[in-house]
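Notes for the structure review
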Amino acid sequence: MNTGDSLQKKNNLTGWAFISLAVIGIVAFYFYPMLQALLLSFKSGVGANLEFTGLDNYKRLFIDTTFRTAVSNTFLYLIIQVPVMIILGLFISVLLNDSTLRFRSFFRTAIFLPCVTSLVAYSVVFKYLFSSDGMVNQFLMNLHVIAEPIQWITDPFWAKITIIIAVTWRWTGYNMIFYLSSLQNIDQSIYEAARIDGANAFTQFFKITVPLLKPIILFTSITSTIGTLQIFDEIMNITKGGPGNATMSISQYIYNLSFKYSPDFGYAATVSYSIVLMIIVLSIIQFKVAGERNG
Amino acid sequence: MAKAKAKRIFTYVFLSIVAFVSIFPFFWMLVSSTNASVDVTKGRLLPGSVFLDNFNKLLDSTNLVQALGNSAIVSVISTILALLIGSLAGYGFEVYRTKSRDIVFNILLLSMMIPFAALMVPLYRMFATISGFAPFIGINTMAAVILPTITTAFLIFFFRQNTKMFPKEMLEAGRIDGLSEIGIFLKIYMPTMKTTYAAAAIITFMSSWNNYLWPLVVLQTPDQQTIPLLISNLGSSYSPDYGVIMTAIVIATLPTAIVFFIMQKHFVAGMVGSVK
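Residues numbered from 1 in each chain as written. Chains lettered and ligands numbered in written order. Predicted model: local features only at pLDDT ≥ 70, side-chain atom pairs only at ≥ 80, totals over all residues. Heavy atoms only, no water.

Attention shifts here to the interface of chain B and chain A. The interface of chain B with chain A comprises 90 residues on the first partner and 82 residues on the second. For the pair chain B and chain A, the summed buried surface comes to about 7,500 Å²; carbon and sulfur atoms form 79% of the total. On the surface where chain B and chain A come into contact, there are 1 salt bridge. Salt-bridge contacts for Arg8 of chain B lead to Asp98 of chain A; the nearest nitrogen and oxygen are separated by 2.4 Å. (Contact = heavy atoms within 4.5 Å. Buried area = accessible area lost by both parts, 1.4 Å probe. Salt bridge = Lys/Arg side-chain N within 4 Å of Asp/Glu carboxyl O.)

Right, here's the structure in full:
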C-alpha cells in the first residue's frame, strides 16, 4: 500500500520533470510577453521612456485612420483569401483523389511545391513577376487580354489583388494536402451507394464529401484565418504597405510603430491586442458555425 | 459516356493549368539565375550562361557565406532543441497522464492562438534588457533568434499525438530491465519514434530556415543577418540586379527544396499527423 503511494508520487514528479522545460519556455516566451504587452498597452512614450497613460492608447486606436486602413485591408485579404483558398484546395483535392487519374503524384507534388518556398523568397519573385514590365503583363499583353500594362504594384487596387494572388499561390497546396489525406480515409462504398441512388457528382460533393471533411475544413479555415490576420512577410517584401497605405496590414503597422517611425512600444502593444481579440472572436465564430451545421 | 469523357478532359486541363501556375515561378527563378539582369527584364525564358557571374557578383556584394552559415546555425540548433523539448513534453503528457497535467496541456495549447505580432514588442524589450547583463544572449545574437522559437505548443501536441501509438508494453519491459525513466525515454522511446522525429525535424527546420519577422527585429548588423534578411535587402534595393537576386533566391530555396524532395513522405505525414 505504502510503496504503491510512493511509486505514484515518484511517477507524478517524473511527469512534471518531463514537461518542465516546455512549461518554462511557453510561459517565458508566450504568456509572460502577453502580460507585458497588456501592461505596455496602457503606457505611452518614445522608445524606452514610457509612462502610464491609462486608456489613451485605446482612445487613439478609435481615431487612428492608418489603423482603420490596416484593419480593413487585413479583412479584405481574409474575406477573399480564405474562401478562395479553401474552395480551390477542396476542388483540386477531389479531382486528385480519383485513383484512375494519371500523373497523380506529379500533379500533387507540383501543386504542393509552393509550400516549400520561404515567404520572403517567393514574395520577391512575385514582386518582379508582377512589376509593370514583368512576365505577367508581358504574357497578358501577348495574349491580347490587356492593351497596356497593369500597374500591379503601384496601383492601390491592383496592389491588393497582387497580394491576394501571391498568398493564394503559396498556401492553396498546403490546405489541399490536408483534404487529400482525409479524402483517402473516406470509405469508397459510400460514394457507390450514392451513385446507385442516382446522386450526381455535385450532390455527392455537397452531401458526402463536405460533411465528412468538416473537421478538417474547420481546422484549415482557422489556421488560414490566424495566418492571414498576421500577414507580414508578403506585404513587407512586395509592396512595403504602399502605395500610400493601400496594402498595409495590421502586423506591418505594428512593426512600423515599433521599429520604423519614432518607436512607440505602448501604442504598438495596443494595436497588437486588436489582433489577439480578432483571432479569438473569429475562431469562436468558426467553431459556432461548424458546430451548428453539425446539428 | 461522352459526359464522363468530357469530365476527364476538364480534369486534366484544369490540373495542368494549376500545376503550370504552381511551377512557373520556380522555373522562371531558375532560368533567371542563369541570365543577366537585362535579359531577365526582357522576359527571357531560356537558360543563359552567366550563373557563375551572378554567383560571383553575389559573393562580392553581400555576406552570402556568412548569412548561409548564420541560417544553418540558427536552424540546426533550433531544430535540435525544439525536438528535444517538444518530445520530452509530449511523452511526459501522454505517459504520465494526470488530470492536472491535462489542464496544463490545454493551457499550453492556448499559446498557439497568440499572434507573433503581439509578442514581438515585449520580446524585443526582454532581450534588450538581457543585453545589459548578458550581451551574448541579448539583441543582435544568434541566441536571441533561437530562444523564442524552441518551445512550440505545436510540437508538444504533435509528439503527444504520436506517443499514443507508442507500445506501452515497451515501457514495462524497460522498467523490468532496470532502466531509469529518462533512460527509457532515451534508449527505447527515441529510437522507436524515429519517423516522428524525422517529420518534426523537417517542419521545424523549414520554418526556422525561412523565419523572417523575428530575425528582422532582433538582428541589427549585416554580419549577423540570416538568409531571408539578405534576400529581403537585395529585393528592396533601388537598382536591382535581377539575375543576382534570383541566384540568391535559388541558393536560399535549395536546402528546403532538397529536404522536401528527399523526405516528401515524412513531411506530408508530419503535417497531416499534426491534425489527426
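All names here are of chain A. Following the sequence through the fold, Ser224 ends up in helix H10 (residues 214-229). What makes Ser224 buried here is its relative accessible area of 8%. If near-sequence neighbours (up to four positions away) are discounted, Ser224 is found in contact with Val82, Met85 and Asn175. (Helix = DSSP H or I, 4+ residues; strand = E, 2+ residues; numbered from the N terminus. Buried < 20%, exposed > 50% of the residue type's maximum accessible area, 1.4 Å probe, protein only.)

Residue and element names in this part refer to chain A. Entries for chain A in the domain assignment read domain 1 (3-53) and domain 2 (59-292). Across the contact, 11 residues belong to domain 1 and 9 residues belong to domain 2. Here domain 1 meets domain 2 over a buried area of about 770 Å², counting both sides, of which 66% is carbon and sulfur. Among the residues of domain 1 in contact with domain 2, Met34, Ser41 and Gly47 are the three that bury the most area, contributing 43% of the side total. (Domains from an automatic or database assignment.)

Taking the UniProt record as the reference, the feature "domain: ABC transmembrane type-1" (unreviewed entry) is found at residues 71-286 of chain A. Counted over residues 71-286 of chain A, helix gives 73% and strand 0%. Its end C-alpha atoms are 19 Å apart. (UniProt positions renumbered as here; feature names shortened; annotations may be inferred.)

Our focus in this paragraph is the side chain of Ser22 of chain B. Among the secondary structure elements, Ser22 of chain B is positioned in helix H1 (residues 2-32). Those residues in contact with Ser22 of chain B that lie beyond four places of it in its chain are Ala110, Ile111, Pro114 and Trp169 of chain A.

Next up on the list: the pattern of salt bridges. All names here are of chain B. Taken as a whole and assessed by the stated rule, the structure comprises 9 salt bridges over all chains. For Arg97, the salt bridge identified is with Asp102, shortest N-O distance 3.0 Å. The class of Arg97 is exposed, set by a relative accessible area of 51%. Residue Asp102 is classed as buried on the basis of its relative accessible area, which comes to 19%. In this structure, a network of salt bridges that share partners links the residues Glu94, Arg97, Asp102, Arg160 and Lys164.

All names here are of chain A. Annotation from UniProt places "transmembrane region" (unreviewed entry) at residues 12-32, 75-97, 109-130, 212-232 and 265-285. As annotated, residues 75-97 has a helix share of 96% and a strand share of 0%, and its two end C-alpha atoms lie 32 Å apart. The distance from the first to the last C-alpha atom of residues 212-232 is 34 Å, and the span holds 81% helix and 0% strand.

Low pLDDT means the predicted atomic positions in that stretch should not be read closely. Averaged over every residue, the pLDDT of chain B is 90; the share at 70 or more is 98%. Across the interface, the model reports ipTM at 0.89; the global pTM reads 0.89. (pLDDT = per-residue confidence, 0-100.)

Our focus in this paragraph is the packing of aromatic side chains. Counted under the stated rule, the structure contains 46 aromatic pairs over all chains. Judged by centre distance (6.0 Å) and plane angle (35 degrees), the ring pair of Phe232 of chain A and Tyr212 of chain B falls under tilted. Residue Phe232 of chain A is located in the loop between H10 and helix H11 (233-238), and its partner Tyr212 of chain B is located in the loop between helix H11 (194-210) and helix H12 (213-218); the two belong to separate chains. By the burial criterion, Phe232 of chain A is buried, and Tyr212 of chain B matches it. Pairwise contacts between aromatic rings join Tyr122, Phe126, Phe130, Trp152, Phe157, Trp158 and Trp169 of chain A together with Phe26 of chain B into one cluster. (Phe/Tyr/Trp six-rings, centres within 6.5 Å; stacked < 30°, edge-to-face > 60°.)

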